[in-house]
Amino acid sequence: MMTILAACLAAAGAFAGGLLTGSGLAASLAVGISVSLVGWNGLFLLGFFFGSSYLLERLFRPAEEVEAKGSRRDAAQVAANGGAAAVAGLVYSVFPAAFIMAAFAASLAAATSDTWASAAGKRTAGTAVLIISRKRVKAGVSGAVTAKGSSWAFGGAVLTAAAAYLLFADITALHALIIAAAGFTGQLIDSAVGEKLQLLYTCPVCGEATEKEQHCGKPTFVIKGIRGINNDAVNMIATCSAAFLAGFCVLLFT
Ligand SMILES: [Zn+2]
């Protein structure tokens, strides 16, 4: 009961602080309440993702935004990062098995890994390379990776896994290794899908490639990508694949 209250207060606080839109608040309440059924440890892991991402994004302030949306999180963004954890948390509260806990923690490891990588890598001055084609592009483009971003991605996955090991009695050291590997793999999948499938537009005025549907006050044109595959869909694919990967590995190998 106290965990549900804490989750609701945290979501309300984030909304009051201007971090969430109205729909983002509703989605955060749903995610928070689902995860609070796991217990304080579940909420702590979720809080670690949101808190550390918030701090890092403040630390690496953007010089210029390439992303489609502003800083307020809406429902799609919250669901993309926390939806898999919410579902796993709900399942775990009725069926507390280690492989479901591993799926829960791995989805948060992927979300943390990706957010840390974006915060650090995207704001790197200079160039990055696309993860698959290895073409040199501006840092911040979807699918672009930098050494700095990848180091933060690795750190985010490992720290989330370490926290899960400390917080949950049913997570062994081997489970934690699987969670870290699945979380980091989810982040690699994020970059690969971001490069190959995500929608990219071009601005008719300045000619810049962008994820925004509007640029320089004009509607932009699609230059590549698949309809419906925006940044939120890419994040959703990454967090869900990390959850499935960790869940299956724990089920099969431990
Ligand atoms: Zn423009």
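In the block above lies the structure referred to throughout.
Residues numbered from 1 in each chain as written. Predicted model: local features only at pLDDT ≥ 70, side-chain atom pairs only at ≥ 80, totals over all residues. Heavy atoms only, no water.

Enquirer: Please explain the packing of aromatic side chains as it appears in this structure.
Expert: Where two aromatic rings form a pair, the distance of their centres and the angle of their planes describe that pair. Counting across every chain of the model gives seven aromatic pairs. Relative to Phe 50, the ring of Phe 49 has its centre 4.7 Å away and its plane inclined at 50°; by these criteria the two rings are tilted. With relative accessibility at 3%, the residue Phe 49 sits in the buried group. An angle of 80° between the planes, with centres 6.5 Å apart, marks the rings of Phe 104 and Phe 168 as edge-to-face. With Phe 104 in helix 5 (residues 98–121) and Phe 168 in the loop between helix 6 (147–167) and helix 7 (173–196), this pair connects stretches of sequence that are 64 residues apart. Under the relative-accessibility criterion, Phe 168 is labelled buried at 3%. Grouped by ring-pair contacts, the aromatic residues Phe 48, Phe 60, Trp 116 and Trp 152 constitute a single cluster. (Phe/Tyr/Trp six-rings, centres within 6.5 Å; stacked < 30°, edge-to-face > 60°. Buried < 20%, exposed > 50% of the residue type's maximum accessible area, 1.4 Å probe, protein only. Helix = DSSP H or I, 4+ residues; strand = E, 2+ residues; numbered from the N terminus.)

Enquirer: Which parts of the structure should I look at to understand the layout of surface pockets?
Expert: Picture a little ball the size of a water molecule; that probe, rolled over the atoms, points out where space is still empty. Taken as a whole, the second largest pocket holds about 320 Å³ of empty space. Together, 19 residues line the second largest pocket, and Val 137, Val 141, Leu 200, Ala 209 and Lys 224 are the ones closest to its centre. For the lining of the second largest pocket, the secondary-structure elements that each account for two or more residues are strand 2 (136–138), helix 7, strand 5 (209–210) and strand 8 (221–224). For the lining of the second largest pocket, a count of residues per class yields eight nonpolar, five polar and six charged. (1 Å grid on protein atoms, 1.4 Å probe; cavity = no way out; pocket = protein on both sides within 12 Å on 5 of 7 lines; lining within 4 Å. Points joined across faces, edges and corners; volume = space filled by probe spheres on them. Nonpolar A, V, L, I, M, F, W, Y, C, P; charged D, E, K, R; others polar.)

Enquirer: Even after reading the chapter, I still don't get the side chain of Ser 113, so can you show me in this structure?
Expert: Looking at the element boundaries, Ser 113 is found in helix 5. Separated by 2.7 Å, the side chain of Ser 113 and the backbone oxygen of Ala 153 make a polar contact. Excluding residues that lie within four positions of it along the chain, Ser 113 makes contacts with Ala 153, Phe 154, Gly 156, Ala 157, Gly 183, Phe 184 and Gln 187. (Polar contact = N/O pair within 3.5 Å; in protein donor to acceptor, adjacent residues only side chain to side chain. Contact = heavy atoms within 4.5 Å.)

Enquirer: How do you make sense of the coordination of the zinc ion when you look at a structure like this?
Expert: Each angle at a metal carrying four tetrahedral donors should ideally be 109.5 degrees, and each at a metal carrying six octahedral donors should ideally be 90 or 180 degrees. Surrounding the zinc ion are the protein donor atoms Cys 203 (SG), Cys 206 (SG), His 215 (ND1) and Cys 216 (SG), at 2.0 to 2.4 Å. For the zinc ion, the four donor atoms in the first shell make angles of 103 to 116° at the metal, so the coordination geometry reads as tetrahedral. The class of Cys 206 is partly exposed, set by a relative accessible area of 43%. (Donors = N, O, S within 2.8 Å, 3.2 Å for Na, K, Ca; no water. Tetrahedral: all angles 85-135°; square planar, octahedral: opposite > 155°, others 65-115°.)

Enquirer: I keep staring at the pairing of strand 1 (residues 127–130) and nothing clicks. Help me out?
Expert: Sheet faces and side chains relate simply in a regular strand, where the side chains alternate between the two faces. Summarising the sheet, strand 1 and strand 2 pair through three bridges and their orientation is antiparallel. Looking at strand 2, one finds that Ala 128 is bridged to Val 137. Sheet topology places strand 1 next to strand 3 (residues 144–145); two bridges connect them, and they run antiparallel. Across the sheet, Val 129 pairs through a bridge with Val 145, a residue of strand 3. (Pairing = 2+ DSSP bridges.)

Enquirer: Can you help me understand helix 8 (residues 231–253) in this one?
Expert: Given 3.6 residues to a turn, an α-helix orients residues that are three or four positions apart in the same direction. Relative to the 33 Å expected for 23 residues at 1.5 Å per residue, helix 8 spans 33 Å between its end C-alpha atoms, a close match to the ideal helical length. Those residues of helix 8 lying buried are Asp 232, Ala 233, Val 234, Asn 235, Ala 238, Thr 239, Ala 242, Ala 243, Ala 246, Gly 247 and Val 250. For helix 8, the elements touching its buried residues are helix 4 (75–94), helix 5 and helix 7. (Expected span 1.5 Å × (residues − 1).)

Enquirer: Just checking my understanding: could you explain unusual backbone geometry for this structure?
Expert: The bulk of non-glycine residues show a negative phi, and the bulk of peptide bonds are trans. Its identity is not glycine, yet Arg 134 carries a phi of approximately 65°, on the positive side. Relative to the helices and strands, Arg 134 resides in the loop between strand 1 and strand 2. Positive phi is not limited to glycine here, since Cys 216 has a value of about 50°. Residue placement: Cys 216 occurs in the loop between strand 6 (214–215) and strand 7 (218–219).

Enquirer: Please explain the packing of helix 4 against helix 8 as it appears in this structure.
Expert: What describes two packed helices is the angle between their axes and the distance between those same axes. As a packed pair, helix 4 and helix 8 sit with axes 8 Å apart at the nearest point and diverge in direction by 5°. The angle between helix 4 and helix 8 places the two elements in the roughly parallel class. Listed contacts from helix 8 to Ala 76, Gln 77, Ala 79, Ala 80, Asn 81 and Ala 84 of helix 4 are Asp 232, Asn 235, Met 236, Thr 239 and Cys 240. Residues of the contact of helix 4 with helix 8, tallied by class, amount to six nonpolar, four polar and one charged. (Axes fitted to C-alpha atoms, helices over the stretch in contact; angles between N-to-C directions. Parallel < 35°, antiparallel > 145°, perpendicular 65-115°, else oblique.)

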